[in-house]
Amino acid sequence: MIEFLIPLIKVILALVWLLLLTLYVADWVERKESAIIHDRIGANRASIFGLRMIGLFQPFADAIKMIFKEDFTPSFSRKFLHSLAPFLSFFFVAVTIAAIPFGDTIRIGSRIIKLQVLDINVTLLFVLAMMSLGIYGVILAGWASNNRFSLLGGIRGAAQLISYEVAFGLSLVGLIMIYPSLKLSSIVHSQGELLFGFIPKWGIFLQPLGFIVFLFAALAETKRVPFDLPEGESEIIGFYTEYSGLKWGLFMMTDGMEIVIVSTLMTTLFFGGWQVPWLQADGFHWPWGGEWFLASWIVVILQVLAFNLKVFFFCWFQVLLRWTYPRFRYDQLMDLGWKLLIPLSLVNIVGTGIIMSL
Amino acid sequence: MAHFLFFLLAIVCVGAVVGMIFSRNQAYNALLLVLAFAALGGIFGLLSAPFIAVVQIIIYAGAIMVLFIFVIMMINLREGIPPEKKKWTIYLSAVLAFILIVELILAARGSFQALTGPGGEEIASPKALGKLLFTEYLYPFEITSILIIAALVGAIILVKKKEEE
């Protein structure tokens, strides 16, 4: 019984974490940050018993509004696929959270529990596979709407996602060579070691070029400005033109979840995941000598907090980018993907190989 | 649990392929094929070969079929047009199908007795699989890659616009 309950609890906790963070990133952080950039105040009216809390209740007000809006399916659309598409794109992003390690292990009684839902030996490829299946949501939404603008948006989306998926995968090859594993948990474990005795062995220090390529490719995968050609947010002409109500909301949530998932991936792969610099299982070991021992439960809490902090930082960073830069033109987008990012990632692979063989 | 999942995936896989054969709409054909590939990936996962499962999904469902669907939606074929029929193609396809079945049975004959369980460490870990590919199966591997590159170059030459004379 307990063998069945533990994974269930882990799945529920991971999903609640993802959805709450998504709600806040896609709604509150997005609106407040853009407001500050525009020198406005931003959403601050939602209140419970007169308590406004700088608009922190706003995401719930927006979610309730979205749920009760009319769900309209155009008469000319392909009904079944039109309804299926938002669920597909939501599902394939939400399922990737299973592969992300939130922390090391905790010990309850005699039982050791991993703070990760799915720990197969190819978790990194699992995430890539699920993200590549997410394309079907975009294509089907565009095609099943039976509307030319939607179809064009869907085709732009598919072309963009396929192009950047190549760079996305290739940018990680150097990383896989250094921490020889496809398992996210052991990649994070390897990042706990030290370089020259004082720099944490994080991906960003070992694979700076890989990180830059990954950053651009990941931003393109989230389909937001400056890469928002599939949806054309300022014109609202894109693959979800024909959607309304909760189905549109699912696309919106998918966008938010992609930000969160990309942030967790950047954290896990390039910024040490749940590792805190110089913190080992029994406490801090400072590089200038001296140790500071901590109880194991404090260490676990610090690690989970560090993971969350890094993820929050990257969510904030992506929202900042989205409100700072204008959109790429379509040919610029393709040039950036095929003529710059892919050659750079190949250079990175060869360079990593040469340095490793020295 | 494993048995239940296996039969579920097997039914989905076979059902999707049968549906694909009988459906006349090209877009639905491609989507059903994606479903079959996804179910096949799940079966590989059940056979404790997660690497092959994930690669199956990335390459077939995530890359190749996306391009198929992309093209089908771009050229927007009308639905329900029966494929062109000629008398001799029916006979030829029957003969070819028979030859294919015989060939498949001959190829797989030896492995029917060996079906005792999942493949074990050699299939499960990417490291062992990679080692096998680059030592024992090096020549087939390289020949396959040359074939694929030749096909790619051929496709590019075919679609390339002729220079003005």
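Residues numbered from 1 in each chain as written. Chains lettered and ligands numbered in written order. Predicted model: local features only at pLDDT ≥ 70, side-chain atom pairs only at ≥ 80, totals over all residues. Heavy atoms only, no water.

## Description of the overall build of chain A
This is how the line gets drawn: A run of H or I in DSSP counts as a helix once it spans at least four residues, and a run of E counts as a strand once it spans at least two, with each numbered from the N terminus. Burial classes follow relative accessibility: with a 1.4 Å probe on protein chains only, a residue under 20% of its type's maximum area counts as buried, one over 50% as exposed, and anything between as partly exposed. Contacts: residue pairs with any heavy atoms within 4.5 Å of one another.
Of regular secondary structure, chain A possesses 13 helices and 7 strands. Principal-axis analysis of the C-alpha atoms places the extent of chain A at approximately 70 × 55 × 50 Å. Buried residues in chain A amount to 52% of all 358 residues. Across chain A, the fraction of contacts at a sequence separation of at least 24, relative to all contacts at a separation of at least 6, is 77%.

## Considerations on the packing of helix 4 (residues 123-133) of chain A against helix 5 (residues 135-144) of chain A
Helix packing geometry: the angle between the two helix axes and the distance between the axes. Residues and elements named next belong to chain A. Stated precisely, the cut-off is as follows: Here an angle of 0 to 180 degrees is reported between the N-to-C directions of two axes, which are lines fitted to C-alpha atoms, with helices fitted over the stretch in contact. Reported orientations rely on four angle classes, namely roughly parallel under 35 degrees, roughly antiparallel over 145, roughly perpendicular from 65 to 115, and oblique for the rest. All amino acids are sorted into three groups, where Ala, Val, Leu, Ile, Met, Phe, Trp, Tyr, Cys and Pro are nonpolar, Asp, Glu, Lys and Arg are charged, and the leftover types, Gly among them, are polar.
Contact pair helix 4 / helix 5: the axes reach a minimum separation of 4 Å and the direction vectors enclose 5°. When the axis of helix 4 is compared with that of helix 5, the two are roughly parallel. Across from Met-131, Ser-132 and Leu-133 in helix 4, the residues of helix 5 making contact are Ile-135, Tyr-136 and Gly-137. Along the lines of polarity and charge, the residues of the contact of helix 4 with helix 5 split into 4 nonpolar, 2 polar and no charged.

## Regarding the packing of aromatic side chains
Each aromatic ring pair is specified by the distance between its two centres and by the angle formed by the two planes. Short version of the rule: In summary, the pairing rule links any two rings of Phe, Tyr or Trp, Trp by its six-membered ring, whose centres are within 6.5 Å, and it sorts them by plane angle into stacked for under 30 degrees, edge-to-face for over 60 and tilted for everything else. For a lysine, the NZ atom is tested; for an arginine, the CZ atom; a charge sits over a ring if that atom is within 6 Å of the ring centre and within 35 degrees of the ring normal.
Considering all chains together, one arrives at 32 aromatic pairs over all chains under this definition. Where Phe-313 of chain A meets Trp-316 of chain A, the ring centres are 5.8 Å apart and the plane angle is 40°; that geometry is what we call tilted. Here the residue Phe-313 of chain A and the residue Trp-316 of chain A both occupy positions in helix 12 (residues 296-322), the gap between them amounting to 3 residues, near one helical turn. For Trp-316 of chain A, a relative accessible area of 40% corresponds to the partly exposed category. Measuring from ring centre to ring centre gives 5.1 Å for Phe-134 of chain B and Phe-141 of chain B, while their planes differ by 65°; the resulting arrangement is edge-to-face. Feature note: the residues Phe-168, Trp-202, Phe-205, Phe-211, Phe-214, Phe-270, Phe-271, Phe-313, Phe-314, Trp-316 and Phe-317 of chain A constitute an aromatic cluster, connected by ring pairs. Directly above the ring of Trp-143 of chain A sits Arg-78 of chain A, whose terminal nitrogen or CZ lies 3.9 Å from the centroid. When the ring centre of Trp-323 of chain A is taken as reference, the NZ or CZ atom of Arg-322 of chain A above it lies at 4.0 Å.

## Quick word on the interface of chain B and chain A
Worth spelling out the cut-off: Put simply, a salt bridge is a Lys or Arg side-chain nitrogen that is within 4 Å of an Asp or Glu carboxyl oxygen. Polar contacts, as counted here, are pairs of nitrogen or oxygen atoms within 3.5 Å of one another; within protein the pair requires one atom able to donate a hydrogen and one able to accept it, and residues that are adjacent in sequence qualify only if both atoms are side-chain atoms.
Opposite the 22 residues of chain B that make contact, chain A presents 23 residues. At the junction of chain B with chain A, the criterion picks out 0 salt bridges. Our enumeration of links across chain B and chain A arrives at 1 residue pair in polar contact (both at pLDDT 80 or more). Of all the elements in the fold, those that place two or more residues in the side of chain B that touches chain A are helix 2 (26-46) and helix 3 (50-75) of chain B. No other element matches the 14 residues that helix 3 of chain B contributes to the side of chain B that touches chain A.

## A look at the nonpolar core
What counts here: Buried residues of nine kinds, namely Ala, Val, Leu, Ile, Met, Phe, Trp, Tyr and Cys, make up a nonpolar core once their side-chain atoms join them within 4.5 Å.
Ranked by size, the top nonpolar core spans 102 residues in total, and within it Trp-17, Phe-214 and Leu-269 of chain A carry the most contacts. Every residue in contact with Leu-269 of chain A, bar those within four places of it in the chain, is listed here: Leu-124, Leu-172, Leu-175, Leu-184, Ile-187, Gln-191, Gly-203 and Phe-214 of chain A. Counting 6 residues, the second largest nonpolar core, distinct from the first, contains Leu-9, Cys-13, Ala-16 and Ala-39 of chain B.

## Overview of the packing of helix 11 (residues 245-270) of chain A against helix 12 of chain A
Residue and element names in this part refer to chain A. Note the cut-off: Left-handed describes a crossing whose near helix is turned anticlockwise from the far helix by less than a right angle; the clockwise case is right-handed.
The N-to-C vectors of helix 11 and helix 12 enclose an angle of 125°; their axes lie 8 Å apart at closest approach. If you check the angle between helix 11 and helix 12, you find them oblique. The interaxial crossing formed by helix 11 with helix 12 has right-handed handedness. Residue-level inspection shows Ile-259, Val-260, Val-262, Ser-263, Thr-264, Met-266, Thr-267 and Thr-268 of helix 11 in contact with helix 12, the latter providing Phe-307, Lys-310, Val-311, Phe-314, Cys-315 and Gln-318. Among the residues forming the contact of helix 11 with helix 12, the class breakdown is 8 nonpolar, 5 polar and 1 charged.

## What about empty space enclosed by the protein?
Residues and elements named next belong to chain A. Worth spelling out the cut-off: Think of a 1 Å grid over the protein atoms and nothing else: a 1.4 Å probe that fits but is trapped marks a cavity, an open set flanked by protein within 12 Å on at least five of seven lines marks a pocket, and residues with an atom within 4 Å of a point count as lining. Grid points are joined across faces, edges and corners, and a volume is the space filled by probe spheres set on the points.
Counted by the stated rule, this structure contains 4 cavities of 30 Å³ or more. Its volume calculated, the largest cavity comes out at about 130 Å³. Contributing to the lining of the largest cavity are 15 residues, with Gly-134, Ile-135, Leu-161, Lys-223 and Glu-258 lying nearest its centre. Mapped by element, the contributors of at least two residues to the lining of the largest cavity are helix 3 (79-94), helix 4, helix 5 and helix 11. Among the elements that take part in the lining of the largest cavity, helix 11 stands out by supplying 4 residues, more than any other. Partitioned by chemical class, the residues of the lining of the largest cavity number 8 nonpolar, 3 polar and 4 charged. Looking at the second largest cavity, the residues that line it are Gln-191, Gly-192, Leu-194, Pro-200, Trp-202, Gln-275, Val-276, Pro-277, Trp-278, Leu-279 and Gln-280. Of the residues belonging to the lining of the second largest cavity, the class tally is 7 nonpolar, 4 polar and no charged.

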